[in-house]
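For reference, the chains in residue letters:
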Amino acid sequence: MENNTVPLSEALAYSPKEAARVSGLGLTTVYRLINEGTLERRKIGTRSLIPARSLRALIEGDAA
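The sections below set out a description of the structure shown in this document. (Residues numbered from 1 in each chain as written. Predicted model: local features only at pLDDT ≥ 70, side-chain atom pairs only at ≥ 80, totals over all residues. Heavy atoms only, no water.)

## Regarding the overall build of the protein chain
At step 1: Along the protein chain, the regular secondary structure elements total three helices and three strands.
At step 2: Going residue by residue from the N terminus, the α and β elements of the protein chain occur as β-α-α-β-β-α.
At step 3: Within the span of the protein chain, comprising 64 residues, buried residues form 31% of the whole.
At step 4: In the protein chain, once contacts between residues fewer than 6 apart in sequence are set aside, the share between residues at least 24 apart is 44%.
At step 5: Of the accessible surface of the protein chain, which amounts to about 4,700 Å², a share of 51% is contributed by carbon and sulfur atoms. (Helix = DSSP H or I, 4+ residues; strand = E, 2+ residues; numbered from the N terminus. Buried < 20%, exposed > 50% of the residue type's maximum accessible area, 1.4 Å probe, protein only. Contact = heavy atoms within 4.5 Å. Areas by Shrake-Rupley, 256 points an atom, 1.4 Å probe, with all protein chains shown as cover.)

## What to know about the nonpolar core
At step 1: Counting residues in hydrophobic clusters, the biggest one holds 12 residues: Ala-11, Tyr-14, Ala-19, Ala-20, Val-30, Leu-33, Ile-34, Leu-39, Ile-50, Ala-52, Leu-55 and Leu-58.
At step 2: Of all the secondary structure elements, the ones that give two or more residues to this core are helix H1 (16-23), helix H2 (27-36) and helix H3 (52-60).
At step 3: Those residues in contact with Leu-39 that lie beyond four places of it in its chain are Val-30, Leu-33, Ile-34, Ile-50, Ser-54, Leu-55 and Leu-58. (Core = buried A, V, L, I, M, F, W, Y, C linked by side-chain atoms within 4.5 Å.)

## Regarding the sheet that holds strand S2 (residues 42-44)
At step 1: A sheet is described by the order of its strands in space; here three strands give the open sequence S1-S3-S2, paired in antiparallel fashion. With partners counted over all chains shown, the strands left at the sheet margins are strand S1 (13-14) and S2, one partner each.
At step 2: Sheet analysis places S2 next to strand S3 (residues 47-51), joined by three bridges and oriented antiparallel. Counterpart to Arg-42 in the pairing with S3 is Leu-49.
At step 3: Running at roughly 50° to S3, H3 makes contact with S1, S2 and S3 of the sheet. (Pairing = 2+ DSSP bridges. Axes fitted to C-alpha atoms, helices over the stretch in contact; angles between N-to-C directions.)

Everything listed here is a matter of coordinates, which is why it stays silent on function.
And the structure:
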């Protein structure tokens, strides 16, 4: 079976744990930013996903 894993740098969205890892932020900080509304979160079923564009906007200084 082929491995269709997308590299984290090309992902459309990240779990909070992945977002913390790729951004260098702590997991607690990622959850705080989600709760403050600074980082966008999408719930799909039981999963929480952070769109890559939201994380990039935060890091690049364009977050709400």
